[in-house]
Amino acid sequence: MKRTLVLKVSPVRPKIEVIRVAARIIQNGGLVAFPTETVYGLGVDALNPKAVKAMFKAKKRPPDNPPIIHVADKNDVYMLAKKVPKEAEKLMEAFWPGPLTVILERSKLVPDVTVAGLSTVAIRMPRHKVALALIRESKTPIAAPSANLAGRPSPTTAEHVLKDLNGRIDMVLDGGPTRIGVESTVIDLTVKPPQILRPGGTTYEKLVKVLKKVELHPVAVADKKVKILWARSPGVKHRHYAPRAKLILVEGQRKEKVVEKIQELADKFMREGKKTGVLATDETAGGYRADVVKSLGSRRNLRTVAKRLFLCLREFDEDKVEVILAEGVPLKGLGLAVMNRLRKASGYTIVKADED
Ligand code: TXA
Ligand code: MG
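Please read these numbers as outputs of a predicted model, since none were measured by experiment. (Residues numbered from 1 in each chain as written. Chains lettered and ligands numbered in written order. Predicted model: local features only at pLDDT ≥ 70, side-chain atom pairs only at ≥ 80, totals over all residues. Heavy atoms only, no water.)

**Some points on the pattern of salt bridges**
Per the counting criterion, the structure on display carries 23 salt bridges. Note that E251 and R343 form a salt bridge whose closest N and O atoms lie 2.8 Å from each other. Placement of the pair is E251 in strand β12 (residues 246-251) and R343 in helix α10 (residues 335-345), with a sequence separation of 92 residues. Accessibility assignment for this pair places E251 and R343 in one class, buried. Residues K274 and E272 are paired through a salt bridge, measuring 3.4 Å at the closest nitrogen-oxygen approach. (Salt bridge = Lys/Arg side-chain N within 4 Å of Asp/Glu carboxyl O. Helix = DSSP H or I, 4+ residues; strand = E, 2+ residues; numbered from the N terminus. Buried < 20%, exposed > 50% of the residue type's maximum accessible area, 1.4 Å probe, protein only.)

In structure tokens:
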């Protein structure tokens, strides 16, 4: 156990003295959790193999799943990647800083452990003053996976980070709740056409406007477990985003059918004596009978839904709920990212409400 230092920092005007404390820790090979616009990251010096190994250990992350390298300057991409194709430059121009991670061929500068032995590297420039200041002051690119224990929902507040990692990391920069709430979109530019490996904060619709052709990797949109022969994005193999409760996702075109199905299941689980939660939306939350009902926000505002998703999953754990019945949301805009997380959190236990 180490003592984890927690310092508050303004997300709009971060004090340089606070950033410097964190940067010093990074430079000495330490572990610092920091806010980005998506979720909190667990940062280490990306070029220091020992520090990267310590990060994997603190998170209990499988060593075959590499983190994203965060930069504060587009020029750093040319150091970390062997080739920077035209499409990558277009995307960096359109979306950086922002919630988009590009996969490129790696350069020799990047240590093997940082990319888990792959020939490619994941890079992004976050849109957050604290993150950017930290990278600049550390004078090195920062490797940072989400700052949760492997398999748990990603942290959108410093409290969530501490819940998972207190005593396991050196420091948390507490910059308040994150704005987007789901992770960055991961797009592979080493294949043609470019392929979205993980839907996230930059929507498919926006990406198509800049790149004429974009594909969605089958795993990114799967509603059942897909057999993976060779995982290009190692993260897709592992169970993810999971609350402690069993989560069942109920999907369907018609809202009324979804509500009916969820109530039927909730009644069944409550009869069995299980503490049952429903993850609903503003339009439906009032109509459920269950032990705990939480709303993600209005179905018409998928931004709020994305922002509240991981928070609600963690709150169900606090409430010691045993079964969560979650409503599906539309598969458009940020809804694609939300559904990807819910489907994975359910371990693909998905009920189709339209089908009976
Ligand atoms: O928004 C985010 O992306 C947050 C913040 C902290 O930046 N980070 C984040 O990192 O979500 P992490 O490590 O939890 O997820 C990184 C994803 C994983 O699914 C991983 O498998 C994938 O990126 N990845 C990393 N390197 C890769 C590579 N070379 N090829 C394919 N996928 C890669
Ligand atoms: Mg993660």
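**Observations concerning the site of ligand 1**
The immediate surroundings of ligand 1 are formed by 27 residues, with T38, R61, N65, H70 and S184 found nearest. Between ligand 1 and T38, the relevant distance is 2.7 Å, taken from an oxygen atom to a side-chain nitrogen or oxygen of the residue. N65 places a side-chain nitrogen or oxygen 2.6 Å from an oxygen atom of ligand 1. Going through the elements one at a time, β4 (68-70), β6 (120-124) and β10 (195-198) are the ones with two or more residues in the shell around ligand 1. Sorting elements by how many residues they give to the shell around ligand 1 places β6 first, with four residues. The residue inventory of the shell around ligand 1, partitioned by class, reads 13 nonpolar, nine polar and five charged. (Near = heavy atom within 4 Å. Polar contact = N/O pair within 3.5 Å; in protein donor to acceptor, adjacent residues only side chain to side chain. Nonpolar A, V, L, I, M, F, W, Y, C, P; charged D, E, K, R; others polar.)

**So, unusual backbone geometry**
The omega torsion of the bond from W96 to P97 falls at -10 degrees, within 30 degrees of zero and hence cis. Omega for the bond connecting K192 with P193 falls within 30 degrees of zero, at -10 degrees, which places this linkage in the cis form. One can find P193 in the loop between β9 (185-188) and β10. One non-glycine residue, K60, lies in the positive phi region at around 55 degrees. Secondary-structure assignment places K60 in the loop between α2 (49-59) and β4.

**Considerations on helix α8 (residues 255-271)**
Between its first and last C-alpha atoms α8 spans 24 Å; for 17 residues at 1.5 Å apiece the expected length is 24 Å, and the two agree. Among the residues of α8, V258, K261, I262, Q263, L265, A266 and F269 are the ones counted as buried. Count one or two residues on from α8 and you reach G273, which has phi positive near 85 degrees. (Expected span 1.5 Å × (residues − 1).)

**Quick look at the pairing of strand β8 (residues 171-174)**
Burial of the side chains of β8 extends over both faces: M171 and L173 are buried on one face and V172 and D174 on the other. By the bridge criterion, four bridges tie strand β1 (residues 5-8) to β8 in an arrangement that is parallel. Following the sheet pairing, V6 is matched in β8 by V172. Relative to β8, strand β2 (residues 32-34) runs parallel, the two sharing two bridges. Its bridge partner lying in β8, V32 is registered against M171. (Pairing = 2+ DSSP bridges.)

**So, the sheet that holds β12**
Whether parallel or antiparallel, the strands of a sheet pair through hydrogen bonds between backbone atoms. One open sheet holds the five strands; their spatial order is β14-β13-β15-β12-β16, and the pairing between them is parallel. Either end of the sheet is taken by a strand with one partner, and the two such strands are β14 (292-295) and β16 (350-352). Between one strand axis and the next, the sheet turns through 20 degrees on average, direction left out of account. In this structure, strand β13 (residues 276-280) lies alongside β14, joined through four bridges in parallel fashion. Residue L279 lies in a different strand from β14, and its bridge partner there is K294. Its contacts with the sheet put α8 on β12, β13, β15 (323-327) and β16, and the angle it makes with β15 is roughly 175 degrees. In the packing of α10 onto the sheet, contacts are made with β12, β13, β15 and β16, and the angle to β12 comes to roughly 135 degrees. (Axes fitted to C-alpha atoms, helices over the stretch in contact; angles between N-to-C directions. Contact = heavy atoms within 4.5 Å.)

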